[in-house]
Amino acid sequence: MIVRSLFFASYRDLAGTDELALELPAGARVSDLVGRLRARGDALARLPEAPVTAVNMDYAPLSTELREGDEVAFIPPVAGG
């Protein structure tokens, strides 16, 4: 199945792009996607092991099962004051 990964702010800087489409096996979870991204051997290896994510615009834990065409957003920590 193909899922889209969306990157914002500092995660976009790591990925070097706003989005990537990746093929994952059926039954894959968000944690599998994170592992695949971290294993690429590029700057995404610095992606946290447990980043904040949203699947199809809803916050989702790493245990969320993915489906064909899902959109997974990686939401970086935000500093403010």
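Since the structure is predicted, the reported quantities are computational estimates derived from the model, not experimental observations.

Cut-off values and rules
Residues numbered from 1 in each chain as written. Predicted model: local features only at pLDDT ≥ 70, side-chain atom pairs only at ≥ 80, totals over all residues. Heavy atoms only, no water. Helix = DSSP H or I, 4+ residues; strand = E, 2+ residues; numbered from the N terminus. Rg over C-alpha atoms; globule rule 2.2 N^0.38 Å. Buried < 20%, exposed > 50% of the residue type's maximum accessible area, 1.4 Å probe, protein only. Contact = heavy atoms within 4.5 Å. Areas by Shrake-Rupley, 256 points an atom, 1.4 Å probe, with all protein chains shown as cover. Lys, Arg positive; Asp, Glu negative; His and termini not counted. Charge placed at Lys NZ, Arg CZ, Asp CG, Glu CD. Core = buried A, V, L, I, M, F, W, Y, C linked by side-chain atoms within 4.5 Å. Phe/Tyr/Trp six-rings, centres within 6.5 Å; stacked < 30°, edge-to-face > 60°.

S.K.: Account for the overall build of the protein, with residues named and values stated.
M.R.: Counting its regular elements, the protein contains two helices and five strands. Listed N to C, the secondary structure of the protein is β-α-β-α-β-β-β in terms of helices and strands. Relative to the 2.2 N^0.38 estimate, which gives 12 Å for 81 residues, the radius of gyration of the protein is 12 Å and therefore close to what a compact globule would have. Across its three principal axes, the protein shows a C-alpha extent of roughly 40 × 30 × 20 Å. Burial statistics for the protein: of 81 residues in total, 36% are counted as buried. Within the protein, contacts between residues at least 6 apart in sequence are counted, and of these 48% link residues at least 24 apart. Of the roughly 4700 Å² of accessible surface on the protein, 52% is carried by carbon and sulfur atoms. Averaged over its 8 positive side-chain charges, the protein has a centre that lies 4 Å from the centre of its 12 negative ones.

S.K.: Tell me about the nonpolar core, residues and numbers included.
M.R.: In terms of nonpolar packing, the biggest core is built from 21 residues, with Phe-7, Leu-24, Leu-33, Leu-37, Leu-44, Leu-66 and Phe-74 touching the most fellow members. Per-element tally for this core: the top contributor is helix α2 (residues 30-38), with four residues. Excluding its chain neighbours within four sequence positions, the residues that come into contact with Leu-66 are Met-1, Val-3, Leu-24, Ala-28, Arg-29, Val-30, Leu-33, Val-55 and Val-72.

S.K.: I'd like a rundown of the packing of aromatic side chains, residues and numbers included.
M.R.: Given two aromatic rings, their pairing is described by the distance between the two centres and the angle made by the two planes. The tally for this structure, following the rule as stated, stands at one aromatic pair. Ring plane angle 15° and centroid distance 5.4 Å describe the contact between Phe-7 and Phe-74, whose orientation is recorded as stacked. A residue pair is termed long-range when its members are at least 10 positions apart, and Phe-7 in strand β1 (residues 2-7) and Phe-74 in strand β5 (residues 71-75) qualify at 67 residues. Each of the two residues, Phe-7 as well as Phe-74, counts as buried.

S.K.: Give a description of unusual backbone geometry that names residues and reports values.
M.R.: The backbone phi angle of Ala-9 is positive, close to 50°, even though this residue is not glycine. Structurally, Ala-9 is set in helix α1 (residues 9-15). At Met-57, a position not held by glycine, the phi torsion is positive, near 75°. Mapping Met-57 onto the fold places it in the loop between β3 (52-55) and β4 (58-60). Accessibility expressed as a relative area gives 74% for Met-57, which makes it exposed.

Read these as layout, nothing more, since geometry by itself doesn't imply function.
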